[in-house]
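Summary of structural features
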Amino acid sequence: MSIFIVTFAFTLAISSKWAYSYFGLSSFEQIVYHIKVPLEGTNTQFIFGWMKKCLLPGFIFGLIFSWVPINIAKMILLLCCIYGLCQIHFFSYVFDQFKKTDFYDTYFVESEVISPEKKMNFIHIYLESMETTYAKKEDGGDANEDLLPYLSQLTKDSVSFSQHEKIGGARVLTGTGWTTGGIVASTSGLPLIFSLKHKFCKDKVPFMPKVNTLGDILEKDGYNRVFMIGSDATFGGRRSYFDQHGHYDIQDTVSLKEEGILDKDYHAFWGFEDDKLFEFSKEKILDLSKSSKPFDFEMLTVDTHHPYGYQSKNCKNLFKESLSNSIYHTDENLKDFMEWLKKQDFYKDTVIVIQGDHTSMAAEYIHDTYSSNYDRRVWNTFIHSRVKPKKEKNRDFTTMDFYPTILAALGYKIKGDKLGLGTNLFSDTSTLTERFDADFVDQEIKRNSTFYRRLM
């Protein structure tokens, strides 16, 4: 009996540490969220990594300590549980739940939004885990290799917000550090923090029912709306969010197989690779452009997903790290896509926003490849914005500020230049992290808020 208890104990302890390294988890809130939402379509690659790095060492420890009495084995289990809970920041999460905050009551803004006379098309490109770290050092990043030659030059030639004079970007706060959290932050101005009491995020369960989002606004203004990704949209609650806020036509592995665009048994990485995603996107955008209505096309890449990325047959093996090759190939795909867009009649009437959904969770890759002192931020590039920034650079901001900023780029007028917890970066109005210390803002949004719970 002792061998099983000890094996379980050490596997648990090792798993808690491994999870933060493998997934790059930033908070216990992230764990709570993924407990609450559907996990259909998840990439199962991590299971083999867990068995090798957690289950196997746990079993070895179990053999080593198999001789201990049952009471000692239980003590080991208790200590391992405490260690594991510390590793996943459980105790700090519980502490925050007992501390109430009026931060949301005070700073959440539901402002008047005035639609423009001329409605621009909108293409919103989320590049998986795209952070400024990958830019060359002389451009503001921390890379010795030129991983993003096209995106770096495009960003220099376009509007991009930064904390300094070079390529920079947005902070990632609690509740915004994974894909769904990052998408929600940049389209609603709010972090995504579910309580342990929150209902499971199923198709029929309301997802942020009292929050007005980018999708809601564009739906009201008659936009045709599409969300396209190379995985199952159900994973992480993305289907619920895009269906309930904008009633998007969701193009994912499920729908594309039903339509016969993908073979029913096709599977690569999380679903299908970015080479296909960009080609499918071209076809869908051409269809949308034929309508008299403006369109909102949202897309999310996947090949740069942690821990090692995905290398398709077209991906060049130029760098030592596999993820570096995936990043470079994403840049190639983006260049091809943008060069295609420039040839289209609707290009000049289309606002294009390119951003990372969050900073990378590939903790081992980041730790082994880049400086631990580098200030990692989320990439952003705005093309064909209807307005110019009043402050060119030196802004301190978060991904929640993208929400009103995107609307402003599309020509919308926002009373007070604030929506949700976000601030229009084209204005000279201070963001929350410019008014307050970023650590203070991060601490407050994690705390218990009745106002926030009502919104969710």
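This text follows the structure it describes.
The sections below set out a description of the structure shown in this document. (Residues numbered from 1 in each chain as written. Predicted model: local features only at pLDDT ≥ 70, side-chain atom pairs only at ≥ 80, totals over all residues. Heavy atoms only, no water.)

Section: helix H7 (residues 149-157)
In an α-helix, one full turn covers 3.6 residues, which means residues spaced three or four apart are oriented alike. Stated formally: In this scheme, a residue with accessible area under 20% of its type's maximum is buried, one over 50% is exposed, and one in between is partly exposed, where area comes from a 1.4 Å probe on protein chains only. Runs of E in the DSSP output that reach at least two residues are strands. Runs of H or I that reach at least four are helices, and both are numbered from the N terminus. Residues count as neighbours in contact if any of their non-hydrogen atoms are within 4.5 Å of one another.
Of the residues making up H7, those classed as buried are Tyr150, Leu151, Ser152, Leu154 and Thr155. Turning to H7, the residues buried within the fold contact strand S2 (121-127), helix H13 (322-342), strand S6 (350-356) and strand S7 (380-383).

Overview of the sheet that holds strand S5 (residues 295-300)
Test applied: Between any two strands, at least two bridges found by DSSP are needed for them to pair. Between the N-to-C directions of two axes lies an angle of 0 to 180 degrees, each axis being a line fitted to C-alpha atoms and, for a helix, fitted only over the stretch in contact.
Read across the open sheet, the six strands follow the order S4-S3-S5-S2-S6-S7; overall the sheet is mixed. Edge positions in the open sheet fall to strand S4 (249-251) and S7, since each of these has one partner strand only. Averaged over all pairs of adjacent strands, the angle between strand axes in this sheet comes to 10°, irrespective of strand direction. Bridge analysis of S6 against S7 gives four bridges, and the strand direction is antiparallel. Bridge pairing in S7 links Ile354 to Thr381. In the packing of H13 onto the sheet, the strands contacted are S2, S5, S6 and S7, and the crossing angle to S2 comes to about 170°. Contacts from helix H15 (residues 402-409) reach S2, S6 and S7 within the one sheet, and its direction differs from that of S7 by about 15°.

Describing the pairing of S6
Across the seven residues of S6, seven count as buried, placing the element largely inside the fold. Side-chain alternation along S6 places Thr350, Ile352, Ile354 and Gly356 on one buried face and Val351, Val353 and Gln355 on a second face that is also buried. In this structure, S2 lies alongside S6, joined through seven bridges in parallel fashion. When the sheet's bridge partners are listed, Phe122 is paired in S6 with Val351.

Thoughts on the pattern of salt bridges
For clarity, the cut-off: One side-chain nitrogen of Lys or Arg within 4 Å of one carboxyl oxygen of Asp or Glu is enough to make a salt bridge.
Across all of its chains, the model carries 18 salt bridges by this definition. The salt bridge partner of Asp252 is Arg239, with a shortest N-O separation of 2.5 Å. One end of the pair, Asp252, is in the loop between S4 and helix H11 (253-258); the other, Arg239, is in helix H10 (residues 238-244), with 13 residues separating them in the sequence. A relative accessible area of 0% places Asp252 in the buried class.

Looking at the environment of Glu339
Along the chain, Glu339 falls in helix H13. On the accessibility criterion, Glu339 (32% relative accessible area) is partly exposed. Put simply, Glu339 and Gln244 are 95 residues apart on the chain and 33 Å apart in space, counted from C-alpha to C-alpha.

A look at the nonpolar core
The condition is simple: Residues belong to one nonpolar core when they are buried, are Ala, Val, Leu, Ile, Met, Phe, Trp, Tyr or Cys, and are joined through side-chain atoms within 4.5 Å.
Core analysis: the biggest nonpolar cluster contains 45 residues, and Met338 and Ile354 have the highest contact counts within it. At the level of secondary structure, the elements contributing two or more residues to this core comprise S2, H7, strand S3 (224-229), helix H12 (274-289), S5, H13, S6 and helix H14 (363-369). Among the elements that take part in this core, H13 stands out by supplying eight residues, more than any other. Apart from residues no more than four positions distant in its own chain, Met338 is found in contact with Tyr150, Leu154, Ile352, Ile354 and Ile383. Core analysis: the next-biggest nonpolar cluster, separate from the first, contains 33 residues, Phe103, Phe108, Phe207 and Met361 among them.

Looking at the environment of Thr11
Put simply, the rule reads: Under the rule applied, a polar contact is a pair of N or O atoms within 3.5 Å (in protein, one hydrogen donor and one hydrogen acceptor; residues adjacent in sequence only if both atoms are side-chain atoms).
Considering the arrangement of structural elements, one finds Thr11 in helix H1 (residues 2-23). Each C-alpha atom, one on Thr11 and one on Cys54, is 5.4 Å from the other, the two residues being 43 residues apart in sequence. Not counting the four nearest positions on each side in its chain, Thr11 is found in contact with Trp50, Cys54, Leu55, Gly58 and Phe59. Separated by 2.7 Å, the side chain of Thr11 and the backbone oxygen of Thr7 make a polar contact.

A look at helix H5 (residues 90-97)
Operational definition: In this context, the arc is that of the directions from the helix axis out to the C-beta atoms.
Within the sequence span of H5, burial applies to Tyr93, Asp96 and Gln97. The arc that holds every buried residue of H5, seen down its axis, measures 100°, which confines them to one face.

Overview of a nonpolar patch on the surface
Note the following rule: Patch membership requires over 30% relative accessible area and the absence of a salt bridge. Like charges are linked within 9 Å, and nonpolar side chains (Val, Leu, Ile, Met, Phe, Trp, Tyr) within 5 Å. To be clear on the numbers: accessible area is Shrake-Rupley with a 1.4 Å probe, and residue cover counts the displayed protein chains and nothing else.
Taken together, Met75, Leu78, Leu79, Ile82 and Phe91 make up a surface patch of nonpolar side chains, about 480 Å² in accessible area. It is helix H4 (residues 70-87) that provides the largest number of residues to the nonpolar patch, a total of four residues.

Topic: the side chain of Thr359
Within the fold, Thr359 resides in the loop between S6 and H14. Looking at Thr359, the relative accessible area reads 14%, which means it is buried.

Concerning the packing of aromatic side chains
What counts here: Note on aromatic contacts: the rings of Phe and Tyr and the six-membered ring of Trp form a pair at centre separations within 6.5 Å, being stacked when their planes are under 30 degrees apart, edge-to-face when over 60 apart, and tilted otherwise.
Evaluation of the coordinates by the stated rule reveals 26 aromatic pairs. Seen from their ring centres, Phe272 and Phe280 are 5.5 Å apart, and the 65° between their planes marks the pair as edge-to-face. An identical accessibility class is assigned to Phe272 and Phe280; each is buried. Between Phe382 and Phe402, the ring centres sit 6.4 Å apart and the planes meet at 55°, which makes this aromatic pair tilted. Here the residue Phe382 occupies a position in strand S7, and Phe402 occupies one in helix H15, the gap between them amounting to 20 residues. Assigned by exposure class, Phe382 and Phe402 land together as buried.

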